[in-house]
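# Working through the structure, step by step
Letter by letter, the chains look like this.
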Amino acid sequence: MNAQAQAQSKKSKNASALSKQTVGVLLFLMILAGLGIGIGVGWAIKSSVDASNENLNLKKKDDTLEEELLRSEIVKPYEAPSSETYERSGLHKIERVRFPVGRYSPTVALFSLTNDDVKVLFHPEVESCSVADTIRRAVGLVSALERVRKDFGSRVLNFPVAMGDGYFTWDELPRDVSTFSRAVGTKYNLIPNLYLLQGRCGEVIRTCDFLPKNSKALFEAKRDVVFFRGSDTGFLDLRKNTRVRTCIVGKTIPMSDIKLSEVVQFPEETRRQIVLEGILDRRIPFGHWKHNRYILDIDGNSSSWDRAMSAFHAGSLCVRVEPRFEEHWHLRAPMKEICLTTSVSDLPSTIERARANLSLSAEMASRGRAWAAEHLTDDAIFRDLADSIETWNELFAM
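So, a few notes on the structure that sits alongside this text. Worth saying up front: this structure is predicted, and the values here are computed from it rather than measured. (Residues numbered from 1 in each chain as written. Predicted model: local features only at pLDDT ≥ 70, side-chain atom pairs only at ≥ 80, totals over all residues. Heavy atoms only, no water.)

### Digging into the side chain of Thr242
Mapping Thr242 onto the fold places it in helix α7 (residues 242-250). Judged by relative accessible area, Thr242 falls into the buried class, the value being 6%. Residues within four places of Thr242 in sequence aside, it is in contact with Phe235, Ile298, Val321, Glu322 and Val344. (Helix = DSSP H or I, 4+ residues; strand = E, 2+ residues; numbered from the N terminus. Buried < 20%, exposed > 50% of the residue type's maximum accessible area, 1.4 Å probe, protein only. Contact = heavy atoms within 4.5 Å.)

### Structural notes on unusual backbone geometry
Positive phi, close to 50 degrees, is recorded for Met255, a residue that is not glycine. By the secondary structure assignment, Met255 is in the loop between α7 and β8 (256-258). In this structure Met255 comes out as exposed when scored by relative accessible area, which is 53%. One non-glycine residue with positive phi stands out, namely Glu322, at about 45 degrees.

### Looking at helix α5 (residues 200-207)
Residues Cys201, Gly202 and Val204 constitute the buried set of α5. End-on, the buried residues of α5 take up no more than an arc of 165 degrees, which puts them together on one face. Contact partners of the buried residues in α5: α4 (194-197), α9 (286-289), α10 (307-314) and α14 (378-396). (Arc of directions from axis to C-beta.)

### Section: the sheet that holds strand β10 (residues 317-321)
Each strand in a sheet pairs with another by means of backbone hydrogen bonds, the pair being arranged parallel or else antiparallel. Strand order in the open sheet formed by 5 strands is β8-β7-β9-β10-β12, and the pairing between neighbours is parallel. Whereas interior strands pair on both sides, the edge strands pair on one side only; in this sheet they are β8 and β12 (339-342). The mean angle between the axes of side-by-side strands here comes to 20 degrees, regardless of whether they run parallel or antiparallel. Sheet analysis places β10 next to β12, joined by 4 bridges and oriented parallel. (Pairing = 2+ DSSP bridges. Axes fitted to C-alpha atoms, helices over the stretch in contact; angles between N-to-C directions.)

### Focus on helix α12 (residues 347-356)
Quick reminder: α-helices carry 3.6 residues per turn. Residues three or four places apart thus point the same way. Those residues of α12 lying buried are Leu347, Thr350, Ile351 and Ala354. Buried residues of α12, viewed axially, fall in a sector of 95 degrees; they line one side. Of the exposed residues in α12, the ones pointing more than 90 degrees away from its buried face are Glu352 and Ala356.

### A look at the pairing of strand β7 (residues 223-228)
On any regular strand, side chains alternate: one points to one face of the sheet, the next to the other face. Inspection of the sheet shows β7 paired to strand β9 (residues 292-298) by 3 bridges, in the parallel sense. If you follow Val226 over to β9, its bridge partner there is Tyr294. With 3 bridges connecting them, β7 and β8 associate as parallel partners. Its bridge partner lying in β8, Phe227 is registered against Asp257.

This is the structure in structure tokens:
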């Protein structure tokens, strides 16, 4: 028995030793696994930090470029910027040469078109207006003019264009300056606005591709909602601002969603008044608002460059509220047949009549959609640009 007990005791000790070894091995493996996970997590964190740093560095580079633009390093009238600055900013087509200061204001850029190139000249005091906006708009127009310059053969055209928004009086600019929009009653030569020249028509058409081809059925299937979103641009007097007034009146219209999406020009105190009125709400993208029947088109500092066009392509009925500006396509569009026009005070009754005559409203929306399909496309817009320059050339070129 003693011998058996000793043997049994020895086996137990061996088993215990083996168990301790097993536990030790398991602990060792767990430590290795933990180290692996730690290394993986550490690597992930490092990668995330590296990515954040890279994004920060890119942002710093963008900020540096913006600072360069705003310091006017590349808009001095008599100095050519470095090639590196040109390439980074996308302004390598722009040259700084002497500008006819006595004739044009700082908001006007002079575009020189030849069969080989497009160049743009700025006023020496361009710094007195919004430098970044002026440059961006000029660059956008240079890209558009590149597409049509060969239409003018060997002629050299020096074509002045106002880079600002709206121009209210006929004596505000020289007669030979073209604009993106003009106050009703003035005679400035109109060219397509930059939204249209930068492919906005094509974007909207692609977004509307899936909509039913039957325009009347499409209109009747839409939500019976009157819609508007836009910033507070326009008159600086809150009581005169057409968009603010329309939003306030819109609160009395059933099934309406008429709000500002942004306050950009009024001070904070006025912004609080707008918030208290309940007329400030989030921005709604076109992909959502195209499903509404009635789209309000309200001028701000200028015409609203793409809202009416978008409403037409979506098959909605465009309702223009106290329009003060006109664009190039307004001059030949059958406006009375494809959209409604109303004052702010008459808006509720105008919408009431449109709803009561649903068939007529659907017919107007259908005509607007058909007209836009032919005249508000990317190809049509560039033909309009070439025609506008030709008209200008016949009137003003020496």
